[in-house]
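A structural walkthrough
Read off the chains here:
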Amino acid sequence: MPEYPGHGDNATNEARDVAWHLHPFTNMRRLESEGPFVITSGRGIHVTDDNGREYIDAMAGLWCVSLGFSEKRLAEAAYRQMLELPYASTFGQRSHPTAIALAEKLIALMPVPMSKVFFNNSGSEANDTAVKLVWYYNNAIGRPRKKKIIARMKGYHGSTIASASLAGLPFMHLDFDLPIAGIRHTDCPNFYRGAKPGESEGEFSTRMAENLDTLIEREGPDTVAAFIAEPVQGSGGVVVPPRGYFEKLQAVLRKHDVLFVADEVICGFGRTGNMFGCETFAIAPDIMTVAKSLSSAYLPISATIINEKLYQGLASNSDKLASFTHGFTYSGHPVCAAVALETLKIYEERDIVGHVRSVAPRFQAGLRRLLEHPLVGDVRGVGLMAGIELVHDKATKQSFDAKAGVGTYFEACAHAEGLLMRGRGELLVLSPPLIITEAEIDELLARLGRALDATADHVRRSEL
Ligand code: PLP
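Residues numbered from 1 in each chain as written. Predicted model: local features only at pLDDT ≥ 70, side-chain atom pairs only at ≥ 80, totals over all residues. Heavy atoms only, no water.

Quick notes on the overall build of the chain
Going by this rule: The secondary structure listing takes helices from DSSP runs of H or I that are at least 4 residues long and strands from runs of E that are at least 2 residues long, numbered from the N terminus. Exposure classes here rest on a 1.4 Å probe applied to the protein chains alone. A residue is buried below 20% of its type maximum, exposed above 50%, and partly exposed in between. Surface exposure here means Shrake-Rupley accessible area, sampled with a 1.4 Å probe, where a residue is shielded only by the protein chains that are shown.
Within the chain, the regular secondary structure consists of 16 helices and 15 strands. Along the longest, intermediate and shortest principal axes, the C-alpha atoms of the chain span 70 × 60 × 45 Å. Each of the 464 residues in the chain was classed as buried or not, and the buried ones make up 55%. Accessible surface, the chain: about 20,100 Å² in total, of which carbon and sulfur atoms supply 54%.

Right under this line is the structure:
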């Protein structure tokens, strides 16, 4: 297998890291033996490791560094705010001008009428807050039985206890004693994997909606409070909804008075070619969660945004209870809020959504050409996000044996080509910074093609 450049090259750093730093989503034994891959700096869409090797970061960190790694205006906005007011609480009726301005700006950007913004620090917290608000709302309006939340298989909503429970990914639950009670899962709308022979996209969507309807009927509509979905399932495989999917699902949700929570943590702020994935797929949510590109990931901040109906329900509880007892020390942190405000300003000034629309066709068309590659079974994506599914047999769609480690081998080949990509098993994921240019897209595609060829050679030689 090609070496991951940077792994194990710096013994001092490695030993220190292995001793003290417990990494998220990492095989601890592999980290012990190989050491970490250490990034030391970034510029535009590139990052550099501790050996001075430069890579195109085709994941924009974790789907988040939308403005690239060297946007000075964000650093300056943070610095200015630190000098002015480095911290202020938003508990107990307090606020500060930056949080007020950011909340106002977010409401103005919403694709459907929304009323209030609750600030958190991460996507996970934004979704946990959404779950708590849904429960609190239904208690407040006298529906204490209506509490279950329906998520989707392959969905990803974060790592905290509630958001990990929402995940439709068994590895998020294993040995963590999750999910919590009251979470149900409906189908993943993966047409490539889930369609029956001869089924059209429209028919597939109808079946997905009927299955959701059946699930709600079986559970009892008076016990189902909300449905949560990413407009495009990201971590679960870049699953773009099939034609008519959300339209049909929303009709079912309306019929049963079930709230729609749109998890825009990845899709929000231009990724799909509109400001929000809800616009791309005609979703009218009651609650929207945003994070990541809200601040171009320069500082942690997220938001749970609710409509007026929700707000009035929640507020009605304040006649009964002394206070709305939910929040974080850093809810609406001034420095994070200042960076988020500046990020939104830059999106508008530079028409980032227009830029995504202008370069995305080249990106998507270049990736679709890979369908001719012997290892590539499916390519799916929209805007500047995409997934490539590697298969053992294109005709039968048979996957590689997980133990063959083809995705991991590909990742190492991509590293060797100077390309950072995330291999989730045999699913390769791309989500470059939104500022990527057409020339950079061409270079990314060239490196990707070479890494795929090297992987195909390996598969042939090893007779996998
Ligand atoms: N929701 C979605 C769709 C995500 O992709 C993620 C993270 O990747 C999260 C929520 C969780 O965000 P965080 O890691 O900031 O808690």
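Concerning the site of the ligand
We count it as follows: Here, proximity means that at least one heavy atom of the residue falls within 4 Å of the molecule or strand. Throughout this description, a polar contact denotes any pair of N or O atoms lying within 3.5 Å of each other; where both atoms belong to protein, one of them has to be capable of donating a hydrogen while the other can accept it, and for residues adjacent in sequence the pair is counted only when both atoms sit in side chains. Each residue gets one of three labels, nonpolar for Ala, Val, Leu, Ile, Met, Phe, Trp, Tyr, Cys and Pro, charged for Asp, Glu, Lys and Arg, and polar for the others, Gly among them.
Taken together, S122, G123, S124, N127, Y156, H157, G158, E230, D263, V265, I266 and K292 make up the full set of residues adjacent to the ligand. A distance of 2.9 Å separates an oxygen atom of the ligand from a polar backbone atom of G123. Out of a free accessible area of 390 Å², the ligand has 83% covered by protein chains. The element that contributes the greatest number of residues to the shell around the ligand is helix α6 (residues 123-140), accounting for three residues. Split by residue class, the shell around the ligand holds three nonpolar, six polar and three charged.

What about the packing of aromatic side chains?
Let me state the cut-off plainly: Centres within 6.5 Å make a pair out of two Phe, Tyr or Trp rings, where for Trp the six-membered ring is used; the pair is then stacked when the planes are under 30 degrees apart, edge-to-face when over 60, and tilted otherwise.
One pass over the full model with this rule turns up eleven aromatic pairs. The interplanar angle of 85° and the centroid separation of 6.2 Å between the aromatic rings of F118 and F324 together place this pair among those described as edge-to-face. Here F118 is found in strand β4 (residues 116-120), whereas its partner F324 is found in the loop between α12 (308-316) and α13 (334-349), with 206 residues between them in sequence. The exposure class assigned to F118 is buried, which follows from its relative accessible area of 17%. The partly exposed category is assigned to F324, whose relative accessible area is 31%. Measuring from centroid to centroid gives 5.4 Å for F191 and F204, while their planes differ by 70°, and the two rings are edge-to-face. Placement of F191 in helix α8 (residues 191-194) and of F204 in helix α9 (residues 201-219) is noted, with a sequence separation of 13 residues between them. Look at F191 and you get partly exposed, because its relative accessible area is 29%. On the basis of relative accessibility, which here comes to 0%, the residue F204 falls in the buried class. Clustering of aromatic rings is evident, with ring pairs tying together F227, Y245, F246 and F260.

Some details on α9
Condition: For a helix, the expected span equals 1.5 Å multiplied by the number of residues minus one. Two residues qualify as a contact provided that any one of their heavy atoms is within 4.5 Å of a heavy atom in the partner residue.
Taking 1.5 Å per residue as the helical rise, α9 with its 19 residues ought to reach 27 Å, and the 27 Å between its terminal C-alpha atoms agrees with that figure. Buried residues belonging to α9 abut β5 (148-152), β6 (183-186), α8, β7 (224-229) and α10 (245-255). Where α9 terminates, the next one or two residues include G220, which has phi positive at roughly 100°.

Quick look at the pairing of strand β2 (residues 46-49)
Stated formally: Whether two strands pair comes down to DSSP finding at least two bridges between them.
Here β2 shows two buried faces, one formed by H46 and T48 and the other by V47 and D49. Relative to β2, strand β1 (residues 39-43) runs antiparallel, the two being bridged by four bridges. Within the sheet, the bridge partner assigned to R43 lies in β2 and is H46. Count of turn residues in the β1/β2 antiparallel hairpin: two residues, of which G44 carries a positive phi of about 60°. Strand direction decides the pairing type here: β2 and strand β3 (residues 54-57), joined by three bridges, are antiparallel. Of the residues in β3, the one forming a bridge with V47 is Y55.

Regarding the sheet that holds β4
Test applied: Between N-to-C directions, angles span 0 to 180 degrees; the directions come from axes that are lines fitted to C-alpha atoms, helices contributing only their stretch in contact.
Taken in spatial order, the seven strands make up an open sheet running β4-β10-β9-β8-β7-β5-β6, and their pairing is mixed. Two strands in the sheet have a free side with no partner beyond their single neighbour: β4 and β6. Shown here is a sheet whose adjacent strand axes are inclined to one another by a mean of 20°, direction ignored.

Section: the pattern of salt bridges
Rule in force here: For this document, the term salt bridge refers to a Lys or Arg side-chain nitrogen within 4 Å of an Asp or Glu carboxyl oxygen.
Tallying each qualifying case throughout the model produces 22 salt bridges. For E199, the salt bridge is made with R207, and the minimal N-O distance between the two is 2.8 Å. Overall, E199 belongs to the buried group, its relative accessible area being 15%. Taking the relative accessible area as the measure of exposure, R207 reaches 19% and is therefore buried. Linked through salt bridges whose partners overlap, the residues forming this network are R193, D378, R380 and E389.

Focus: the pairing of β3
From the end of β2 to the start of β3, which pair antiparallel, there are four residues, and G52 there has a positive phi angle of about 85°. The pairing of β3 with strand β13 (residues 419-420) spans two bridges and is classified as parallel. Counterpart to D57 in the pairing with β13 is L420.

Quick look at the packing of helix α14 (residues 352-369) against helix α16 (residues 438-462)
Threshold: Angles are sorted into four bins: roughly parallel if under 35 degrees, roughly antiparallel if over 145, roughly perpendicular if 65 to 115, and oblique for all others. Handedness of a crossing is defined here by the sense of rotation of the near helix relative to the far one, left-handed for an anticlockwise turn of less than a right angle and right-handed for a clockwise turn.
Between α14 and α16, the shortest axis-to-axis distance is 10 Å and the interhelical angle comes to 15°. As the angle between them shows, α14 and α16 are arranged roughly parallel. Read as a crossing pair, α14 and α16 show a hand that is right-handed. Contacts between α14 and α16 involve S358, V359, R362, F363, G366 and L367 from the first element and E438, I441, D442, L445 and L448 from the second. Its residues placed into classes, the contact of α14 with α16 shows six nonpolar, two polar and three charged.

Without other data, these values stay purely geometric and don't point to any function.
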